[in-house]
Amino acid sequence: MRNVMKRWLGCGIFLLAGAAAASAQKAPAQPMYEAKDLDPVALRVLDKWPAGRIDTVKNPGVWSYEEGVLLDGMAAEWRQTGDGRLFAYIKAAVDNSVDKDGVIHMANGAPFPVAGHSMDDIEMGRSLIVLYRVTQDARYYKAAKFLHDQMQQQPKNASGGYWHKQIYPNQMWLDGAYMSEPFLATYARTFHKPGDMSGVAEQLLLMDSHMSDRNGLLHHGWDESKQMDWANKKTGLSPEIWARAMGWYAMALVDVLERMPATDPQRLAIEAVTRRTLSAVIRYQDSQSGLWWQVMDKGGQKGNYLEASASCMFVYALAKAIRLGMLPYSAGENVTRGWAGIQKQFVKPDGTLSGTVKVAGLGGNPYRSGTYDYYVGEAVGDNDSKGVGAYLLAHSEIMQRERAGDLLRRSRGKTVLIDAWFNSQKRKSADGEEELFHYKFGDDANSGYSIWGAMFRQYGLRTETLDHAPTAEDLKGVAVYIIASPDIPALNPKPNYMDAESAAVIDAWVKAGGVLVMMENDSEHADQTHLDILSDKFGIHFNPVTRNRELNDSYANTMVKIPAGAGGIFRQAHNATMKETCTITISKPARVVLTDKGDATDEGDVLMAVSQAGKGMVFANVDPWIYNEYTDGRKNPLDEDNFAGGQELTRWIVTEIGLR
């Protein structure tokens, strides 16, 4: 069996050309891989709210769920654009509240309110894990562990559902689904606690079981004790269907599914709830505007209005569910109409997002009744961070849809397999557990391929990891198999070398229609001798040399120009960093894609090659150049565009598997 390690993303962990105010009804004829600037809404965040200092909340720049939702959106944008400004923004915002020892501070330096047991205070933990995974800084782990441990003490009602806060005993609110469950699911995947995932699923399923209406939508709150004045004395439910509460729940479902292993015993149940819930969301989409109403099932009634944050949440959840294979491809029409409605009704040219209800709750003082008149009477404003964060999340999915185009329909559900046997390097995580890293889809640090994994997943592909020598059974049903930089003893004391048996298995799989991708490295960092047992079968020979060295801290010698049209793979020209590479010698049936002098027509060292083998295809590169260090935008020494080049290579690979 394969060892499946699906990436959690993100948010997330590429670019849409054009202004946010433009309608997204028509995808561009040619997918755009880079743009000169960010979406106007994201640009406004960078300009008006530096380091997360939101001017529309009571305490700007402090630990809060409003801040957390905004950062979720910025993280999603970062993963889809490779713009390092967005990661820097997340880090600066979190560092306002987390000290060097990993201690979280609230407004005015107050300690974290442990006794309050507020699920709202958990939400921003997602950004902690983003920062830990990228930087490997243990202080972010310490803060995330504190929140994880806090949730282990969260009070529960008799059915096992989390109280929303200490001051709301026995009450589950849909808001809590998003505040805690994606964080807990991410923590479980990051720190190797698969048992925790069952608790995450339990909370979502409890909400579905107890809070659903006959129309398929869920009520905002449920008081199991039935003591609150707003609670129905038979069901304990609040009176109405509030759109943003449904939006929190919908986003939580798709985010948890993205993090939930395929083998999890609760996965099928969560998938069923997701399909049922989002089908109901579609039924209540306004037919004229493509948007959703504040009181969701009473559209057009006096006082009701179309609301921005919920509309963005539903566009995000629907688009992501389609990409994950949870909804039919035809539901994309609902996404398109929703996004066009958002642009038309809520987005202004300066990046202002209007139309977001500021807050809504149940009980408390002053008392909130949860009635129709209460929900439609709450204040609405511009640039509410909850709406802005939801907008950016939706935009991140729209970017992926526009980039994938019709390939999404043809590629959904196919598998991209990354090798973790010939390169099986491990490191210890902050909690002391060993984990695979180095050119892995699950590695978000400089060394990882998490950005590349996200490039594949935008086409609806599944990304998995193989931690043992490949067998025919392992490769059965796999569309793409990637081997990157096989180990040498200097990097792994016990390397697993390519051998004749493994090469024969892979060769047979390629000839049957598989797409093999070999991302080699130079002789000082990777094994060529044994990989050539495999690559020679396709007329591709990796030479044990090192070129493109970084000289005296200068990257000038590492830049490779990829001309437009190279190999029929790259439509646009790119400047790519390929540092410390080997070279390739080709023989039939292989052909040259790129040399250090230009494309295949130019003499020089061969850097890229392809080979047709039976029904399959092989792509070979002399460097693993799409790794995070040069694609996530945090380090661009010479303004290279490995991100955009990687997008083009990925699209070519996905196109190839669709032809086979």
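None of the values given here were measured: they were computed from a predicted structure.

### Details of the environment of D499
Here's step 1: Among the structural elements, D499 can be located in the loop between β9 (478–484) and α17 (500–511).
Here's step 2: Residue class for D499 comes out partly exposed when judged on its relative accessible area of 35%.
Here's step 3: Along the chain, D499 and L534 lie 35 residues apart, while their C-alpha atoms are 7.9 Å from each other.

### A short note on the pattern of salt bridges
Here's step 1: Summed over all chains, the structure comprises 36 salt bridges.
Here's step 2: Measuring nitrogen to oxygen at the nearest pair gives 2.9 Å for the salt bridge that ties D95 to K91. Of the two residues, D95 and K91 are both situated in helix α3 (residues 84–95); the distance of four residues between them amounts to about one turn of the helix.
Here's step 3: The class of K91 is partly exposed, set by a relative accessible area of 28%.
Here's step 4: A salt bridge links D596 to R547; the shortest N-O distance between them is 2.9 Å. Residue D596 is found in the loop between β15 (590–595) and β16 (598–599), and its partner R547 is found in strand β11 (residues 540–547); the two are separated by 49 residues along the sequence.
Here's step 5: Linked by salt bridges that have partners in common, D72, R126, D255, E258, R259, K320, R323 and E397 make up one network.

### Overview of the layout of surface pockets
The rolling of a water-molecule-sized probe over the atoms marks out the regions of remaining empty space.
Here's step 1: Approximately 750 Å³ is the volume found for the largest pocket.
Here's step 2: Considering the residues around the largest pocket, the lining is formed by 33 residues, among which Y65, E66, D120, K165 and V359 are closest to the centre.
Here's step 3: Secondary structure elements with two or more residues in the lining of the largest pocket: α2 (65–81) and α8 (243–259).
Here's step 4: Among the residues forming the lining of the largest pocket, the class breakdown is 13 nonpolar, seven polar and 13 charged.

### Topic: the side chain of T81
Here's step 1: Assignment of secondary structure puts T81 in helix α2.
Here's step 2: Within the structure, T81 has its side chain in polar contact with the backbone nitrogen of D83 (distance 3.2 Å).

### Overview of the packing of α2 against α3
Here's step 1: Between α2 and α3, whose axes approach to 8 Å, the crossing angle comes to 155 degrees. Taken as axis vectors, α2 and α3 run roughly antiparallel relative to one another. Between α2 and α3 the crossing geometry is left-handed. Between α2 and α3, the contacting residues are E67, L70, L71, M74, A75, E77, W78 and T81 on the first element and G84, L86, F87, Y89, I90, A93 and V94 on the second.
Here's step 2: Looking at the contact of α2 with α3 residue by residue, the classes come out as eleven nonpolar, two polar and two charged.

### Digging into the nonpolar core
Here's step 1: Judged by nonpolar contacts, the single largest core of 204 residues is most densely connected at W452 and L516.
Here's step 2: The residues contacting L516, other than those within four sequence positions of it, are Y481, I483, I506, W509, V510, L534, F538, M617, V618 and F619.

### Remarks on helix α4 (residues 125–135)
Here's step 1: Judged by how many residues are buried, α4 sits mostly within the fold: ten of eleven residues are covered.
Here's step 2: Listed as buried for α4 are G125, R126, S127, L128, I129, V130, L131, Y132, R133 and V134.
Here's step 3: The inward-facing, buried residues of α4 abut α2, α3, α5 (138–152), α6 (175–190) and α8.
Here's step 4: Count one or two residues on from α4 and you reach Q136, which has phi positive near 60 degrees.

### Notes on the pairing of strand β5 (residues 415–419)
Here's step 1: Burial of β5 is extensive: five of the five residues sit out of reach of the surface.
Here's step 2: One ladder, built from five bridges, connects β5 with strand β8 (residues 462–466); its direction is parallel. Bridge assignment links I418 to a residue of β8, and that residue is T465.
Here's step 3: With four bridges joining them, β5 and β9 adopt parallel strand pairing. By the bridge assignment for β9, I418 is matched with I482.

### Focus: the packing of aromatic side chains
Here's step 1: One pass over the full model with this rule turns up 24 aromatic pairs.
Here's step 2: For the ring pair F441 and F456, a centre distance of 6.3 Å and an interplane angle of 65 degrees mean the geometry is edge-to-face. Taken together, the residues F441 in the loop between β7 (434–436) and α15 (450–457) and F456 in helix α15 connect sequence positions 15 residues apart. By the burial criterion, F441 is buried, and F456 matches it.
Here's step 3: Taken together through their ring pairs, the aromatic side chains of Y439, F441, Y449, W452, F456, Y555, Y627 and Y630 make up a single cluster.
Here's step 4: Positioned over the ring face of F87 is R634, at 5.1 Å from the centre of the ring.

### Observations regarding unusual backbone geometry
Here's step 1: Of note, the amide linkage connecting N365 to P366 takes the cis form, showing an omega dihedral of 5 degrees.
Here's step 2: By the element assignment, P366 lies in the loop between β3 (356–357) and α12 (372–377).
Here's step 3: We note that Q136 has phi near 60 degrees; this positive angle belongs to a residue other than glycine.
Here's step 4: Within the fold, Q136 resides in the loop between α4 and α5.

### Re the confidence of the model for the protein
Here's step 1: Across the protein, the average pLDDT comes to 93, with 94% of residues at 70 or higher.
Here's step 2: Segment residues 3–30: pLDDT under 50, and 99 contacts once partners within four positions in sequence are set aside and those in other chains are kept.

Definitions and cut-offs
- Residues numbered from 1 in each chain as written.
- Predicted model: local features only at pLDDT ≥ 70, side-chain atom pairs only at ≥ 80, totals over all residues.
- Heavy atoms only, no water.
- Helix = DSSP H or I, 4+ residues; strand = E, 2+ residues; numbered from the N terminus.
- Buried < 20%, exposed > 50% of the residue type's maximum accessible area, 1.4 Å probe, protein only.
- Salt bridge = Lys/Arg side-chain N within 4 Å of Asp/Glu carboxyl O.
- 1 Å grid on protein atoms, 1.4 Å probe; cavity = no way out; pocket = protein on both sides within 12 Å on 5 of 7 lines; lining within 4 Å.
- Points joined across faces, edges and corners; volume = space filled by probe spheres on them.
- Nonpolar A, V, L, I, M, F, W, Y, C, P; charged D, E, K, R; others polar.
- Polar contact = N/O pair within 3.5 Å; in protein donor to acceptor, adjacent residues only side chain to side chain.
- Axes fitted to C-alpha atoms, helices over the stretch in contact; angles between N-to-C directions.
- Parallel < 35°, antiparallel > 145°, perpendicular 65-115°, else oblique.
- Left-handed = near helix turned anticlockwise from the far one by under 90°.
- Contact = heavy atoms within 4.5 Å.
- Core = buried A, V, L, I, M, F, W, Y, C linked by side-chain atoms within 4.5 Å.
- Pairing = 2+ DSSP bridges.
- Phe/Tyr/Trp six-rings, centres within 6.5 Å; stacked < 30°, edge-to-face > 60°.
- Lys NZ or Arg CZ within 6 Å of the ring centre and 35° of its normal.
- pLDDT = per-residue confidence, 0-100.

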